[in-house]
Amino acid sequence: MSLPIHFSAEVAEARANRQALVALESTIITHGMPWPQNLETAQQVEQTVRQAGATPATIAILAGRLHVGLEAEELEALAQAKDVAKVSRADLAVCMARGGNGATTVAATMIAAHLAGIEVFATGGIGGVHKGAETSFDISADLQELAQTPVTVVCAGAKAILDLPKTFEVLETLGVPVIALGQDVLPAFWSARSGLAAPLRMDSADEIADAMRMRRALGLPGGQLVANPIPAEAEISADALAPVIAQAQAEADAAGVSAKAVTPFLLQRIFELTEGRSLEANIGLVLNNARLAAAIAGCLASKQ
Ligand code: PSU
């Protein structure tokens, strides 16, 4: 059978002209942020990518078709839709075969980006090893995807709700290069500094693009994870956030929240407990990542 894939008008044109493209995910829209900031942020992220000289391709499944790039009205509808599945590698095909609607996680967005020939993807924070994983075994499929799909993912670190040392241990085991931009420590999503040493450091989009090209030349599978620190004006300090995360985690445990529901539950509770500050930080870091991803995509396109 042929793949039910659809390109938005803007993405189709960019592909025809071999212009720089940046993939964007949709779980952050449907499960990561509340209405209406989710739509406003998604629109701003797309605009930021355009201003930085690349074409945005927001990815989602609509009525069973894999959309690479959404038209403005499709994005608006998705941001308000209920009952959109959070889709990762395991359930992507099932969602499409059933004609369903799905928001793509980092893992599923990487798969779609690669199918569409897009090498760079901007998000907020990847999934990782959850606290208590030694008993729950809750480890995001995003990590395994980074090990096998050749896309450079720009994030602001792994979300600080996770067990960060274990998350980066797993990435090392899987052979995923983790590159901090412009600093020697890894960022922690809402905070610029995690206290963990960065395995690799680079200082420009050009260097990151060169490393991606070299991976390709070596025939190595998998992508790169770029950890771009949140801008200072948007940051919440790790110390201020630690008790909030602990409370949200305790509530999730008490309520028996598990599997795919954990990350959305924690993000929503942290939003409430910080009276919206965590969302402002999240928006600031996503826009910052969109800018860097567009610059990397520009470097890759210019040297093809
Ligand atoms: N970045 C954000 N907010 C989010 C996400 C990323 O700023 O909600 C989403 C991504 O889609 C990522 C998912 O793949 O969170 C991780 O979910 P889980 O921990 O269940 O794998």
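Being a predicted model, the structure only gives us computed values, none of them experimental.

### Quick word on the overall build of the protein
1) Next: Within the protein, the secondary structure is distributed over 13 helices and 11 strands.
2) Next: A compact globule built from 304 residues should have a C-alpha radius of gyration of about 19 Å, and the protein, at 18 Å, falls within 12% of that.
3) Next: For the protein, the spread of C-alpha atoms along the principal axes amounts to about 50 × 40 × 35 Å.
4) Next: Counting every position in the protein, which comprises 304 residues, the buried fraction comes to 52%.
5) Next: When contacts within the protein are restricted to residue pairs at least 6 apart in sequence, those whose partners lie at least 24 apart make up 76%.

### Digging into the site of the ligand
1) Next: Close to the ligand lie 18 residues, the nearest being Thr27, Gly32, Gly124, Gly127 and Ser140.
2) Next: Counting residues per element, the ones that place at least two in the shell around the ligand are helix H2 (27-32), helix H12 (262-273) and helix H13 (277-302).
3) Next: Per-element tally for the shell around the ligand: the top contributor is H2, with 4 residues.
4) Next: Tallied by class, the residues present in the shell around the ligand amount to 4 nonpolar, 11 polar and 3 charged.

### A few points about unusual backbone geometry
1) Next: Of the consecutive residues tryptophan 35 and proline 36, the connecting peptide bond is found in the cis state with omega at 0°.
2) Next: When you line up the elements, proline 36 lands in the loop between H2 and helix H3 (37-51).
3) Next: In the Ramachandran plot, aspartate 83 falls in the positive-phi region, its phi being about 60° despite a non-glycine side chain.
4) Next: Relative to the elements of secondary structure, aspartate 83 occurs in the loop between helix H4 (72-80) and strand E5 (85-87).

### Describing the UniProt feature "binding site: substrate" (unreviewed entry) in the protein
1) Next: The UniProt record annotates "binding site: substrate" (unreviewed entry) at Lys86, Val106, Ser140, Ala141 and Asp142. For the annotated residues, spread through 57 residues, the largest C-alpha to C-alpha distance comes to 12.9 Å, consistent with a single compact locus.
2) Next: Secondary-structure assignment places valine 106 in helix H6 (residues 106-115).
3) Next: Position of serine 140 relative to the elements: it lies in the loop between helix H7 (133-136) and helix H8 (141-148).
4) Next: On the neighbour-count criterion, serine 140 (26 C-beta atoms within 10 Å) is buried.
5) Next: For serine 140, the contacting residues outside a window of four places in its chain are Gly127 and Gly128.

### Focus on the UniProt feature "active site" (unreviewed entry) in the protein
1) Next: The feature "active site" (unreviewed entry), as annotated in UniProt, sits at Glu25 and Lys159 in this numbering.
2) Next: With respect to the helices and strands, glutamate 25 occurs in the loop between strand E2 (21-24) and H2.
3) Next: A count of 27 C-beta atoms within 10 Å places glutamate 25 in the buried class.
4) Next: Once residues within four sequence positions are removed from consideration, glutamate 25 is found in contact with Ile59, Thr104, Thr105, Val106, Thr109 and Thr123.

### Details of H8
1) Next: For H8, the full list of buried residues reads Asp142, Leu143, Glu145 and Leu146. Within H8, the buried residues cover an arc of 165° as seen down the axis, which keeps them to one side.
2) Next: For H8, the elements touching its buried residues are H6, strand E8 (152-155), helix H9 (164-173) and strand E11 (224-227).

### Considerations on the nonpolar core
It is characteristic of soluble globular proteins that their nonpolar side chains tend to be buried jointly.
1) Next: Formed by 101 residues in total, the largest nonpolar core has its most connected members in Val22, Phe121, Val153, Leu225, Ala293 and Ile296.
2) Next: Here the element with the most residues in this core is H13; it accounts for 13 residues.
3) Next: Setting aside its immediate chain neighbours within four residues, alanine 293 contacts Val22, Val120, Phe121, Ala122 and Val154.

### Focus on the confidence of the model for the protein
1) Next: On average, residues of the protein score 97 in pLDDT, and 100% of them are at 70 or above.
2) Next: Two numbers describe this predicted complex: its pTM, 0.97, and its ipTM, 0.94.

### Considerations on H4
1) Next: Residues of H4 that are buried: Leu75, Leu78 and Ala79. Viewed along the axis of H4, the buried residues span an arc of 100°, placing them on a single side of the element.
2) Next: In this structure, the buried side of H4 is in contact with H2, H3 and strand E3 (55-62).

Rules and cut-offs
Residues numbered from 1 in each chain as written. Predicted model: local features only at pLDDT ≥ 70, side-chain atom pairs only at ≥ 80, totals over all residues. Helix = DSSP H or I, 4+ residues; strand = E, 2+ residues; numbered from the N terminus. Rg over C-alpha atoms; globule rule 2.2 N^0.38 Å. Buried ≥ 20, exposed ≤ 12 C-beta atoms within 10 Å, placed from the backbone. Contact = placed C-beta atoms within 7 Å. Near = placed C-beta within 6 Å. Nonpolar A, V, L, I, M, F, W, Y, C, P; charged D, E, K, R; others polar. UniProt positions renumbered as here; feature names shortened; annotations may be inferred. Arc of directions from axis to C-beta. Core = buried A, V, L, I, M, F, W, Y, C linked by C-beta atoms within 7 Å. pLDDT = per-residue confidence, 0-100.

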